[in-house]
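Commentary on secondary and tertiary structure
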Amino acid sequence: AMFDLLWKYYEKTSQYVPAARILAKLADRHSTELSLSGRVQYLSRAIMCVKSSEGGSANRAAGELLHHLEEKMEVARVQLQVLEAVSGKPEAEGQVGRLNSDLLDITTLYQDWAEPYQLWECKLAILQCAGHPDQPLVNTIWTNIIEQQENSTNQNKVLALSNKMETLGRQYANSSKYFPLELIVRQLEVVSCRERGEAGWVPSCLQTTGVSLPRLLDVYNRLYTTKDSIWLTLGDSLHILKVLCSLLQLFATDPSLVSPGERRQFMVVCQDAVSTYLGELYQKQTQETSGLVARFRDIQAKLDRM
């Protein structure tokens, strides 16, 4: 209580750095009386104080303090995510108190919580927070996030995955180290093919998270050229071509989806791709392929008129 009065006094008398130091101590002290969100509030108040101080963070001591507080805050946010993830788990019931009574470090959060309780999304947040892009581990995490989401509902699996990917994509899509696009696309398309989902939902969903059309075409084209037998096993050998068709249709209908600087080059890439796909479809000649041929020809005509 005395410390609470003291930081308020310091703040009132514009002694912002001492106020911030006390707030940081309050956030850090061991106590079962204080919740984790209370600790986070102390930290954010401390950060505000340092930013208000004379000379702001330009002053070296204040700058170092601010850096320290912001790092602490990043870890505390991950701790909040861990707390939320274990709150519903009966097996963690006796342990939850620990997440409120102290601010824990990133290693403890991983070893004592994310790992034993298999909190995949928390693991990803921890790796990003620690700046530790372990590629095989990141791949395993994404595989599990997608599987978990797919198994969490018997209703509309596509919708559930789409919502989850939009949320996570906004956090991670701009960092390829924590967002292995090729792996994610393949796994989502496997679910889509199995569930007979709408052909273009995966690229549409990824576009809303900020992945560009040229990047998507590149990934899908590579997926197509590997000629993976899984699509045939899942009952639709043309699955990836159908997605490519809807992706190219997007650009042919609305070229402004690609930035002016990239547009001309991308148009040439699209024209080449369409010729390749048509060449392969002509060799197959079934009722289903003739429908696709017509759609690709329509795209080709639009691209030629561009």
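A short tour of the structure in this document, coming up.

Rules and cut-offs
Residues numbered from 1 in each chain as written. Predicted model: local features only at pLDDT ≥ 70, side-chain atom pairs only at ≥ 80, totals over all residues. Heavy atoms only, no water. Buried < 20%, exposed > 50% of the residue type's maximum accessible area, 1.4 Å probe, protein only. Helix = DSSP H or I, 4+ residues; strand = E, 2+ residues; numbered from the N terminus. Contact = heavy atoms within 4.5 Å. Polar contact = N/O pair within 3.5 Å; in protein donor to acceptor, adjacent residues only side chain to side chain. Salt bridge = Lys/Arg side-chain N within 4 Å of Asp/Glu carboxyl O. Phe/Tyr/Trp six-rings, centres within 6.5 Å; stacked < 30°, edge-to-face > 60°. Lys NZ or Arg CZ within 6 Å of the ring centre and 35° of its normal.

Every buried residue of helix α6 (residues 106-114) is listed here: Ile106, Thr108, Leu109, Tyr110, Trp113 and Ala114. Looking at the packing, one finds that the buried side of α6 touches α4 (60-86), α5 (96-101), α7 (120-130) and α8 (135-151). The opening residue of α6 is Asp105, an N-cap whose side-chain oxygen sits 3.0 Å from the backbone nitrogen of Thr107.

Our next topic: the pattern of salt bridges. Evaluation of the coordinates by the stated rule reveals 17 salt bridges. Residues Lys72 and Asp28 are paired through a salt bridge, measuring 3.4 Å at the closest nitrogen-oxygen approach. One end of the pair, Lys72, is in helix α4; the other, Asp28, is in helix α2 (residues 16-28), and 44 residues separate them in sequence. Put simply, Lys227 and Glu280 hold a salt bridge, and the shortest N to O gap is 3.1 Å. Separated by 53 residues along the polypeptide, Lys227 in the loop between α12 (213-225) and α13 (230-233) and Glu280 in helix α15 (residues 260-282) bring together distant segments of the chain. Assessed through its relative accessible area of 48%, Lys227 is described here as partly exposed. By relative accessible area, Glu280 is classed as partly exposed at 23%. Each of the salt bridges in this network shares a partner with another, and the network as a whole consists of Glu182, Arg215, Asp218 and Arg222.

What follows is about the packing of aromatic side chains. Evaluation of the coordinates by the stated rule reveals seven aromatic pairs. Ring geometry for Trp142 against Phe179: centres 5.3 Å apart, planes inclined by 85°, an arrangement best described as edge-to-face. Taken as a pair, Trp142 in helix α8 and Phe179 in the loop between α9 (157-172) and α10 (181-194) lie far apart in primary sequence, 37 residues in all. What makes Phe179 buried here is its relative accessible area of 3%. Over the ring of Tyr224 we find Lys227, and its NZ or CZ is 3.7 Å from the ring centre.

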